[in-house]
Amino acid sequence: MPTTAPESQHVLVLNCGSSSLKFAIIDANDGHEIISGLAERLGAKAPSIKYKFNGAKTVIDLAANQAHAEAINTLVSLIKDHNLDEHLIAVGHRVVHGGEHFTKSVLINEDVINGITKASSLAPLHGHANLLGISSAQASFIGLPQVAVFDTAFHQTMDEVAYLYALPYKLYTDYGVRRYGMHGTSHYYVAGQTAKLLNQPIEKSNFISAHLGNGCSVTAIKNGKSVDTSMGLTPLAGIVMGTRSGDIDPGLFNFLTTQLSYNAQQIDNLLNQESGLLGISELSNDCRTIEEAAVAGHKQARLALDIFCYRLAKQIAAYMVPLQRLDALIFTGGIGENSDIIRENVINQLAFLGFSCNQKSNLDARFGNQGIISSANTSPKAVVMPTNEEWVIALDAANIVKEL
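Thresholds applied
- Residues numbered from 1 in each chain as written.
- Predicted model: local features only at pLDDT ≥ 70, side-chain atom pairs only at ≥ 80, totals over all residues.
- Heavy atoms only, no water.
- Helix = DSSP H or I, 4+ residues; strand = E, 2+ residues; numbered from the N terminus.
- Buried < 20%, exposed > 50% of the residue type's maximum accessible area, 1.4 Å probe, protein only.
- Contact = heavy atoms within 4.5 Å.
- Salt bridge = Lys/Arg side-chain N within 4 Å of Asp/Glu carboxyl O.
- Pairing = 2+ DSSP bridges.
- Expected span 1.5 Å × (residues − 1).

## Focus: the side chain of Asn-362
Topologically, Asn-362 is positioned in helix α15 (residues 359-364). Exposure remark for Asn-362: the relative accessible area of 2% places this residue in the buried category. Not counting residues within four places of it along the chain, the set of residues in contact with Asn-362 comprises Asp-340, Arg-343, Glu-344, Cys-357 and Ile-373.

See the structure below:
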């Protein structure tokens, strides 16, 4: 990851979801969070903003149905009330989909807006929210540089054998139908940090990075660059996730429409919101809840965990094909950083690659702690590395502003 940034300058980082807005002011030099928070249930009956400043947590209730623009206006007032606007040098936006056009972070202008708008059709829920966040921030922070940091950019180093689908070629040339991948900012960050932990240059490092949360993706990183990744045209593809199915037989679409009379929206809801851990367990999409239920004897909770771990282990093993040699398997994201149960299960299934789990190290590497969790004499290593996408966004924004 970049190591330079304008001295003692702060970046407001915005991550807009369809009904939420995650924000933080980050010191780009060291990743320190000056203020951070979450606006949630935007556009619903009881929206609110929860934030942490100087160690104190505060909740601000918003009026019913207030959305992104109103939330950002409240955020602006909050920033000014605490005199935090004086040192802001930029606003950094997490943008989920940049298509093929954006291979790195960029200063936002009209052409960039048009490019993001075009790519938003590939991730409609995320893209629309990202554009709302950008327009609201531009209106609220007039004259402050705005920078877009793309989830897909890190994966633009993939070769066409990895990103093309076996579909009519014109679907790619005319409409951009291909594998793009997501979570690129996270995979990029943890790969750099793991190289430092192992005291080896990132340019000579081969890693498999597993970002596990409500959304999950696995990336093969060869000599520091993404060469394959599990998410595809959209964030739905790949391994099992919290509410997303991951890979399924495309013939399911015909079955659901002809046999069960599903329409396109119902299928989209089924695969994106009703499947994954939630669908199998019929209990929850929260891994902690499912783990507790599994320990208590809940059969479907146990099954959900077993399927999740099996599909994850199978995907990791598949990425030995493009890598050939592996230095470390990296666990990150909310589940990857905290679930010792899932990590041990996956590592045990990968014993044929040389992995062996150290139970004490595995238990210690939770709740924000990084560490090597494989046995000392085994190779490759298994590593837990907390992600920090916000810091990457702040660094990229600061470095772009530095060149203005």
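What follows picks up the thread again.
## Some remarks on the pattern of salt bridges
This structure, assessed with the given rule, holds 10 salt bridges. With its nearest N and O atoms 2.6 Å apart, the salt bridge here joins Arg-94 to Asp-151. With Arg-94 in strand β6 (residues 88-95) and Asp-151 in the loop between β8 (146-150) and α4 (160-163), the pair connects residues that are 57 residues apart, well separated along the chain. Residue Arg-325 pairs with Asp-327 through a salt bridge whose shortest N-O separation is 2.7 Å.

## Section: the sheet that holds β6
The 8 strands lie next to each other as β5-β4-β3-β2-β1-β6-β8-β7, forming an open sheet whose pairing is mixed. The open sheet is flanked by β5 (56-61) and β7 (106-107), the only strands paired with a single partner. Pairing analysis gives 6 bridges linking strand β3 (residues 33-40) to strand β4 (residues 48-53), with the strands arranged antiparallel. Of the residues in β4, the one forming a bridge with Leu-38 is Lys-50.

## Concerning helix α1 (residues 68-81)
When the terminal C-alpha atoms of α1 are compared, their 20 Å separation across 14 residues agrees well with the 20 Å that a helix rising 1.5 Å per residue should span. Those residues of α1 that sit buried are His-68, Ala-71, Ile-72, Thr-74, Leu-75, Val-76, Leu-78 and Ile-79.

## Considering the environment of Gly-98
Turning to its location among the elements, Gly-98 is positioned in the loop between β6 and β7. Judged by relative accessible area, Gly-98 falls into the buried class, the value being 2%. Taking the C-alpha atoms as reference points, Gly-98 and His-68, 30 residues apart in sequence, are found 21 Å from one another. Apart from residues lying up to four places away in sequence, Gly-98 is in contact with Ala-119, Phe-150 and Thr-152.

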